[in-house]
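One letter stands for each residue in the lines below.
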Amino acid sequence: MGSIEPDEYEDPEYRKQSPQDADLEQQAQPHFAFDHASIRAAFVRKVFAIVTTMILVVVVMTVASGFMLAVLCSRVPPQTVLLALSTTTLSCVAIIGFASQTKYDITSHMFVVFAGTVAVFIFGLILAIMSFFIYIKALHVIFSAVVCVLFMVWLAIDTQMIVGGKRYEISPEDYIFAALMLFIDIYQIFITMLSLFNAAND
(Lines give C-alpha, C1' and ligand atoms only; values in the text may rest on other atoms or scores of the structure.)
Protein backbone atom coordinates (compact mmCIF):
# COMPACT_ATOMS: atom_id res chain seq x y z
CA MET A 1 0.00 0.00 0.00
CA GLY A 2 1.19 3.45 -0.82
CA SER A 3 1.73 5.94 1.94
CA ILE A 4 -0.98 8.54 2.42
CA GLU A 5 0.15 12.12 2.60
CA PRO A 6 -1.22 13.99 5.66
CA ASP A 7 -2.26 16.92 3.47
CA GLU A 8 -4.97 14.79 1.88
CA TYR A 9 -6.91 14.69 5.19
CA GLU A 10 -6.45 18.32 6.20
CA ASP A 11 -9.27 20.80 5.88
CA PRO A 12 -8.09 23.75 3.80
CA GLU A 13 -9.65 26.14 6.35
CA TYR A 14 -7.26 24.91 9.02
CA ARG A 15 -4.11 25.11 7.01
CA LYS A 16 -1.53 27.45 8.45
CA GLN A 17 -1.07 30.70 6.66
CA SER A 18 2.23 31.47 5.10
CA PRO A 19 4.13 34.55 6.33
CA GLN A 20 3.25 36.33 3.10
CA ASP A 21 -0.48 35.73 3.64
CA ALA A 22 -0.25 36.97 7.23
CA ASP A 23 1.46 40.18 6.11
CA LEU A 24 -1.19 40.77 3.47
CA GLU A 25 -3.97 40.24 6.02
CA GLN A 26 -2.38 42.69 8.46
CA GLN A 27 -1.99 45.28 5.73
CA ALA A 28 -5.65 44.86 4.80
CA GLN A 29 -6.79 45.64 8.36
CA PRO A 30 -7.29 49.35 9.17
CA HIS A 31 -4.71 50.97 11.40
CA PHE A 32 -5.73 53.41 14.12
CA ALA A 33 -2.32 54.61 15.21
CA PHE A 34 -1.87 58.09 16.63
CA ASP A 35 -0.18 59.23 13.43
CA HIS A 36 -3.28 58.46 11.39
CA ALA A 37 -4.34 61.62 9.58
CA SER A 38 -7.93 61.79 10.84
CA ILE A 39 -6.99 61.03 14.46
CA ARG A 40 -4.16 63.54 14.36
CA ALA A 41 -6.49 66.19 12.93
CA ALA A 42 -9.10 65.52 15.64
CA PHE A 43 -6.40 65.75 18.30
CA VAL A 44 -5.16 69.09 16.96
CA ARG A 45 -8.71 70.49 16.82
CA LYS A 46 -9.37 69.41 20.40
CA VAL A 47 -6.13 70.97 21.67
CA PHE A 48 -6.79 74.29 19.94
CA ALA A 49 -10.39 74.30 21.16
CA ILE A 50 -9.25 73.81 24.76
CA VAL A 51 -6.55 76.46 24.44
CA THR A 52 -9.02 78.92 22.92
CA THR A 53 -11.52 78.27 25.71
CA MET A 54 -8.87 78.76 28.38
CA ILE A 55 -7.69 82.00 26.77
CA LEU A 56 -11.27 83.31 26.73
CA VAL A 57 -11.68 82.36 30.39
CA VAL A 58 -8.45 84.16 31.25
CA VAL A 59 -9.54 87.26 29.32
CA VAL A 60 -12.95 87.32 31.02
CA MET A 61 -11.39 86.85 34.46
CA THR A 62 -8.80 89.54 33.76
CA VAL A 63 -11.42 92.06 32.63
CA ALA A 64 -13.71 91.25 35.56
CA SER A 65 -10.91 91.38 38.12
CA GLY A 66 -9.57 94.58 36.56
CA PHE A 67 -12.98 96.21 36.81
CA MET A 68 -13.37 95.08 40.41
CA LEU A 69 -9.88 96.30 41.21
CA ALA A 70 -10.61 99.68 39.65
CA VAL A 71 -13.75 100.03 41.75
CA LEU A 72 -11.88 99.12 44.93
CA CYS A 73 -8.98 101.43 44.20
CA SER A 74 -11.33 104.33 43.50
CA ARG A 75 -12.66 104.04 47.06
CA VAL A 76 -9.22 103.91 48.67
CA PRO A 77 -6.74 106.79 49.05
CA PRO A 78 -3.94 106.72 46.44
CA GLN A 79 -1.21 106.41 49.06
CA THR A 80 -2.92 103.30 50.44
CA VAL A 81 -3.07 101.78 46.97
CA LEU A 82 0.64 102.48 46.41
CA LEU A 83 1.51 101.03 49.81
CA ALA A 84 -0.49 97.86 49.11
CA LEU A 85 1.02 97.58 45.62
CA SER A 86 4.60 97.96 46.82
CA THR A 87 4.08 95.56 49.72
CA THR A 88 2.48 93.00 47.41
CA THR A 89 5.32 93.31 44.91
CA LEU A 90 8.05 92.85 47.50
CA SER A 91 6.21 89.98 49.19
CA CYS A 92 5.55 88.11 45.95
CA VAL A 93 9.13 88.53 44.72
CA ALA A 94 10.45 87.23 48.05
CA ILE A 95 8.02 84.28 48.12
CA ILE A 96 8.71 83.28 44.52
CA GLY A 97 12.46 83.53 45.07
CA PHE A 98 12.30 81.47 48.26
CA ALA A 99 10.02 78.81 46.78
CA SER A 100 12.22 78.49 43.69
CA GLN A 101 15.48 78.07 45.61
CA THR A 102 14.57 76.16 48.75
CA LYS A 103 14.93 72.39 48.88
CA TYR A 104 11.98 72.08 51.24
CA ASP A 105 8.98 70.56 49.50
CA ILE A 106 6.04 72.83 50.26
CA THR A 107 3.80 70.96 47.82
CA SER A 108 3.76 67.95 50.14
CA HIS A 109 1.49 69.98 52.46
CA MET A 110 -0.94 70.91 49.70
CA PHE A 111 -3.89 69.00 51.12
CA VAL A 112 -3.42 70.56 54.56
CA VAL A 113 -3.40 74.01 52.96
CA PHE A 114 -6.46 73.06 50.92
CA ALA A 115 -8.32 72.02 54.08
CA GLY A 116 -7.37 75.33 55.66
CA THR A 117 -8.61 77.16 52.57
CA VAL A 118 -11.99 75.45 52.79
CA ALA A 119 -12.25 76.34 56.49
CA VAL A 120 -11.39 79.99 55.79
CA PHE A 121 -13.90 80.06 52.93
CA ILE A 122 -16.67 78.80 55.24
CA PHE A 123 -15.68 81.37 57.85
CA GLY A 124 -15.83 84.07 55.16
CA LEU A 125 -19.36 83.05 54.21
CA ILE A 126 -20.45 83.21 57.84
CA LEU A 127 -18.78 86.60 58.21
CA ALA A 128 -20.50 87.89 55.08
CA ILE A 129 -23.90 86.80 56.39
CA MET A 130 -23.17 88.40 59.77
CA SER A 131 -22.32 91.68 58.03
CA PHE A 132 -25.98 92.15 57.13
CA PHE A 133 -26.83 92.32 60.83
CA ILE A 134 -23.68 93.41 62.62
CA TYR A 135 -20.26 94.61 61.47
CA ILE A 136 -17.26 93.67 63.59
CA LYS A 137 -14.17 95.38 62.24
CA ALA A 138 -11.72 93.18 64.13
CA LEU A 139 -13.13 90.01 62.57
CA HIS A 140 -12.86 91.47 59.07
CA VAL A 141 -9.26 92.53 59.68
CA ILE A 142 -8.37 89.08 61.02
CA PHE A 143 -10.10 87.42 58.07
CA SER A 144 -8.22 89.58 55.56
CA ALA A 145 -4.91 88.83 57.27
CA VAL A 146 -5.56 85.09 57.27
CA VAL A 147 -6.59 85.13 53.61
CA CYS A 148 -3.47 87.12 52.72
CA VAL A 149 -1.17 84.63 54.47
CA LEU A 150 -3.09 81.73 52.95
CA PHE A 151 -2.61 82.99 49.40
CA MET A 152 1.06 83.64 50.11
CA VAL A 153 1.37 79.96 50.97
CA TRP A 154 -0.52 79.06 47.78
CA LEU A 155 1.85 81.27 45.81
CA ALA A 156 4.80 79.34 47.21
CA ILE A 157 3.12 76.00 46.42
CA ASP A 158 2.16 77.04 42.89
CA THR A 159 5.67 78.36 42.26
CA GLN A 160 7.22 75.04 43.25
CA MET A 161 4.69 73.17 41.12
CA ILE A 162 5.70 75.31 38.14
CA VAL A 163 9.44 75.02 38.77
CA GLY A 164 9.10 71.26 39.24
CA GLY A 165 11.28 68.74 41.01
CA LYS A 166 8.91 68.37 43.95
CA ARG A 167 6.22 65.88 44.93
CA TYR A 168 3.58 67.65 42.85
CA GLU A 169 4.35 69.56 39.69
CA ILE A 170 2.58 71.01 36.68
CA SER A 171 3.14 69.69 33.19
CA PRO A 172 4.97 72.12 30.87
CA GLU A 173 1.99 71.84 28.53
CA ASP A 174 -0.29 73.47 31.14
CA TYR A 175 1.39 76.86 30.89
CA ILE A 176 -1.92 78.74 30.63
CA PHE A 177 -3.23 77.09 33.78
CA ALA A 178 0.05 77.82 35.56
CA ALA A 179 -0.07 81.49 34.60
CA LEU A 180 -3.69 81.68 35.76
CA MET A 181 -2.78 80.22 39.16
CA LEU A 182 -0.04 82.79 39.72
CA PHE A 183 -2.33 85.59 38.59
CA ILE A 184 -5.05 84.57 41.06
CA ASP A 185 -2.55 84.25 43.92
CA ILE A 186 -0.96 87.66 43.35
CA TYR A 187 -4.33 89.31 42.73
CA GLN A 188 -5.78 87.97 45.99
CA ILE A 189 -2.68 89.00 47.93
CA PHE A 190 -3.00 92.54 46.60
CA ILE A 191 -6.73 92.72 47.37
CA THR A 192 -6.25 91.54 50.95
CA MET A 193 -3.27 93.87 51.42
CA LEU A 194 -5.41 96.74 50.19
CA SER A 195 -8.17 95.77 52.59
CA LEU A 196 -5.77 95.56 55.52
CA PHE A 197 -4.12 98.92 54.89
CA ASN A 198 -7.48 100.56 54.27
CA ALA A 199 -8.82 99.16 57.55
CA ALA A 200 -5.74 100.45 59.35
CA ASN A 201 -6.38 103.97 58.05
CA ASP A 202 -10.03 104.01 59.15
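Residues numbered from 1 in each chain as written. Predicted model: local features only at pLDDT ≥ 70, side-chain atom pairs only at ≥ 80, totals over all residues. Heavy atoms only, no water.

Per an unreviewed UniProt entry, the protein goes by Inhibitor of apoptosis-promoting Bax1 and derives from Necator americanus. Under the UniProt heading Subcellular location (unreviewed entry), the note attached to the protein is "Membrane". Its UniProt record, at the heading Sequence similarities (unreviewed entry), says of the protein: "Belongs to the BI1 family." (UniProt positions renumbered as here; feature names shortened; annotations may be inferred.)

## So, the overall build of the protein
Counting its secondary structure elements, the protein contains six helices and zero strands. The order of helices and strands in the protein, counted from the N terminus, is α-α-α-α-α-α. Considering the protein as a whole, with its 202 residues, one finds that 24% of them fall into the buried category. For the protein, restricting intrachain contacts to residue pairs at least 6 apart in sequence, the fraction spanning at least 24 positions comes to 79%. Per element, the accessible surface of the protein, about 14400 Å² overall, is 71% carbon and sulfur. (Helix = DSSP H or I, 4+ residues; strand = E, 2+ residues; numbered from the N terminus. Buried < 20%, exposed > 50% of the residue type's maximum accessible area, 1.4 Å probe, protein only. Contact = heavy atoms within 4.5 Å. Areas by Shrake-Rupley, 256 points an atom, 1.4 Å probe, with all protein chains shown as cover.)

## Let's talk about the confidence of the model for the protein
Per-residue confidence for the protein gives a mean pLDDT of 75, with 69% of residues at or over 70. Here residues 1–11 scores under 50 on pLDDT; set against residues more than four positions off or in separate chains, the count is three contacts. Considering only residues more than four positions removed or in separate chains, one finds that residues 28–34, a stretch of pLDDT under 50, has seven contacts. (pLDDT = per-residue confidence, 0-100.)

## Thoughts on helix α4 (residues 110–131)
In a regular helix each residue adds 1.5 Å, so 22 residues correspond to 32 Å; α4 covers 31 Å between its end C-alpha atoms and thus fits that length. Among all positions of α4, only M110, V113, V120, G124 and L127 are buried. Angularly, the buried residues of α4 cover 95 degrees about the axis, an arc narrow enough to put them on a single face. Structural note: α4 exposes F111, V112, F114 and I129 on the side pointing more than 90 degrees away from its buried face. Lining the buried residues of α4 we find α5 (137–163). (Expected span 1.5 Å × (residues − 1). Arc of directions from axis to C-beta.)

## What to know about the UniProt feature "transmembrane region" (unreviewed entry) in the protein
In the numbering used here, UniProt assigns the "transmembrane region" (unreviewed entry) feature to residues 47–69, 81–99, 111–136, 142–163 and 175–197. Split by type, residues 111–136 is 81% helix and 0% strand. Its first and last C-alpha atoms lie 31 Å apart. Across residues 142–163, helical content stands at 100% and strand content at 0%; the span's end C-alpha atoms are separated by 32 Å.

## Focus on the nonpolar core
Counting residues in each nonpolar core, the largest one holds 29 residues, and the members touching the most others are M152, W154, I157, I189, F190, M193 and L194. Of all the secondary-structure elements, those providing two or more residues to this core are α3 (78–101), α4, α5 and α6 (175–201). A total of 10 residues in this core trace back to one element, the largest contributor, which is α5. (Core = buried A, V, L, I, M, F, W, Y, C linked by side-chain atoms within 4.5 Å.)

## Things to note about α3
An ideal rise of 1.5 Å per residue puts 34 Å on 24 residues; α3 measures up with 35 Å between its terminal C-alpha atoms. Among all positions of α3, only T80, V81, A84, T88, S91, C92, I95 and A99 are buried.

## Brief notes about the packing of aromatic side chains
This structure, assessed with the given rule, holds two aromatic pairs. Considering the side-chain rings of F123 and F143, the 5.9 Å spacing of their centres and the 45 degrees angle between planes classify their relative orientation as tilted. Of the two residues, F123 sits in helix α4 while F143 sits in helix α5, which places them 20 residues apart along the sequence. Here the aromatic rings of F183 and Y187 are separated by 6.0 Å at their centres, their planes lie at 20 degrees, and the arrangement is stacked. Here Y187 and F183 lie together in helix α6, a separation of four residues that amounts to about one turn. Judged by relative accessible area, which is 13%, Y187 ranks as buried. (Phe/Tyr/Trp six-rings, centres within 6.5 Å; stacked < 30°, edge-to-face > 60°.)

## Considerations on the packing of α4 against α5
Where α4 contacts α5, the axes come no closer than 10 Å and their chain directions differ by 150 degrees. Of the possible angle classes, the one that applies to α4 and α5 is roughly antiparallel. In the packing of α4 onto α5, the handedness of the crossing is left-handed. Contacts from M110, V113, F114, G116, T117, V120, F123, G124, L127, M130 and S131 in α4 reach L139, H140, F143, V146, V147, L150, V153, W154, I157 and M161 in α5. Across the contact of α4 with α5, the residue classes tally to 16 nonpolar, five polar and no charged. (Axes fitted to C-alpha atoms, helices over the stretch in contact; angles between N-to-C directions. Parallel < 35°, antiparallel > 145°, perpendicular 65-115°, else oblique. Left-handed = near helix turned anticlockwise from the far one by under 90°. Nonpolar A, V, L, I, M, F, W, Y, C, P; charged D, E, K, R; others polar.)

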